[in-house]
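A closer look at the structure
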Amino acid sequence: MDMTMESCRTFVEVLASNAPAPGGGGAAALVGAVGTALGNMVGSLTVGKKKYADVEGEIVALKARCDALQKELLDQVEADDKGFVPLAKAYGIPKDDPNRDKILEEATVTACQVPLHIMELCCQALDCVAVFAAKGSRLAVSDAGCGAVCCKAALQAASLNVFINTKSLKNRDVAEELNRQVNVMLNKYCQLADEIFDEVKAGFGQ
């Protein structure tokens, strides 16, 4: 079931239940989409205003990019569920099955792919939010700050869904490469999100 087609209340209720999905990955994707949309809203409130005519072309392009990012992030809610299925099945294979380790290893790598992609999408979203915060309508700049905070939370949440899987990989070369990719994104984009938040906050004299 595509949980993004359900109400917010239903999503949260299922998230709180013992159902295997949605979990942290699906929640991260949803929060990332919300953060992206908040930045996009700043763009929507900027386009068409004479005061921002000189940046309108750039803002319109960023809005189109965010439209696509929002959709793709929402798509990852269901994708994360599907990505976990092979791993859940692999854990159910009898321990004396000679193929168990190989199947489990492949399924674990597969389970890393969606949260890793969620992180990549959140990084792209933060690049957009940074511009909305710097050049968008001052009346809505707080929403750009909120968007940065949400995208950072989604980025960090998705990273944990990679790390929990890389920890159990037997192939440490593969694990360390995945960890490296995750940490590069965390180091660069958590800092960017914090900078956006601090600049927006400073604009309010705080």
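We now turn to the structure provided with this report. In this text, all values refer to a predicted model and were calculated from it rather than measured experimentally.

What follows is about the side chain of S137. Mapped onto the elements, S137 comes out in the loop between helix 4 (100-135) and helix 5 (141-166). Among the polar contacts listed, one links the side chain of S137 to the backbone nitrogen of L139, at a separation of 3.2 Å. With sequence-adjacent residues up to four places away left out, S137 is seen in contact with V42, L45, T46 and Y52.

Our focus in this paragraph is the layout of surface pockets. Looking at the largest pocket, its volume works out to about 310 Å³. Taken together, 20 residues make up the lining of the largest pocket; nearest its centre are D80, F84, A111, N161 and N165. Sorting the residues of the lining of the largest pocket by element identifies helix 2 (24-44), helix 3 (56-91), helix 4 and helix 5 as the ones contributing at least two each. Here the lining of the largest pocket takes six residues from helix 3, the largest share from any one element. Residue classes in the lining of the largest pocket are distributed as 10 nonpolar, eight polar and two charged.

A word on the environment of T4. When you line up the elements, T4 lands in the segment before helix 1 (8-16). T4 sits 150 residues away from A154 along the chain, and the two C-alpha atoms are 16 Å apart. Residues in contact with T4, not counting those within four places in the same chain, are L74 and V77. Among the polar contacts made by the side chain of T4, one reaches the side chain of D2 at a distance of 2.6 Å.

What follows deals with the pattern of salt bridges. Using the criterion set out here, one finds seven salt bridges in the structure. We note a salt bridge from E78 to K82, for which the minimum N-O separation is 3.7 Å. In this pair, E78 and K82 both sit in helix 3, four residues apart, roughly one turn of the helix. In this structure E78 comes out as partly exposed when scored by relative accessible area, which is 26%. K82 sits in the exposed class, given a relative accessible area of 55%.

The next point concerns the packing of helix 5 against helix 6 (residues 172-202). Running from N to C, helix 5 and helix 6 point in directions that differ by 165 degrees, and their axes come no closer than 9 Å. Between helix 5 and helix 6, the interaxial angle falls into the category roughly antiparallel. In this structure, helix 5 meets helix 6 at a crossing whose hand is left-handed. Class assignment for the residues of the contact of helix 5 with helix 6 results in 18 nonpolar, seven polar and three charged.

Next up on the list: unusual backbone geometry. Geometrically, the link from A21 to P22 is a cis peptide bond, its omega value of 0 degrees lying close to zero. The residue P22 is located in the loop between helix 1 and helix 2 in this model.

So, on to the nonpolar core. Counting residues in each nonpolar core, the largest one holds 50 residues, and the members touching the most others are I118, M119, L126, F132, L155 and I196. Residue assignment for this core shows that the elements contributing at least two residues are helix 2, helix 3, helix 4, helix 5 and helix 6. Per element, the largest residue contribution to this core is 15 residues, and it comes from helix 4. Here M119 is in contact with L155, A158, S159, V182, M185 and L186, once residues within four sequence places are set aside. In terms of nonpolar packing, the next biggest core, distinct from the first, is built from six residues, I93, L104, A107 and A111 among them.

Looking now at the side chain of Q70. Note on placement: Q70 falls in helix 3. Q70 gets classed as buried once you look at its relative accessible area, which sits at 19%. Within polar-contact distance, the side chain of Q70 engages the side chain of N40 at 2.6 Å. Setting aside residues up to four positions removed in sequence, Q70 forms contacts with A33, T36, A37 and N40.

Thresholds applied
Residues numbered from 1 in each chain as written. Predicted model: local features only at pLDDT ≥ 70, side-chain atom pairs only at ≥ 80, totals over all residues. Heavy atoms only, no water. Helix = DSSP H or I, 4+ residues; strand = E, 2+ residues; numbered from the N terminus. Polar contact = N/O pair within 3.5 Å; in protein donor to acceptor, adjacent residues only side chain to side chain. Contact = heavy atoms within 4.5 Å. 1 Å grid on protein atoms, 1.4 Å probe; cavity = no way out; pocket = protein on both sides within 12 Å on 5 of 7 lines; lining within 4 Å. Points joined across faces, edges and corners; volume = space filled by probe spheres on them. Nonpolar A, V, L, I, M, F, W, Y, C, P; charged D, E, K, R; others polar. Salt bridge = Lys/Arg side-chain N within 4 Å of Asp/Glu carboxyl O. Buried < 20%, exposed > 50% of the residue type's maximum accessible area, 1.4 Å probe, protein only. Axes fitted to C-alpha atoms, helices over the stretch in contact; angles between N-to-C directions. Parallel < 35°, antiparallel > 145°, perpendicular 65-115°, else oblique. Left-handed = near helix turned anticlockwise from the far one by under 90°. Core = buried A, V, L, I, M, F, W, Y, C linked by side-chain atoms within 4.5 Å.

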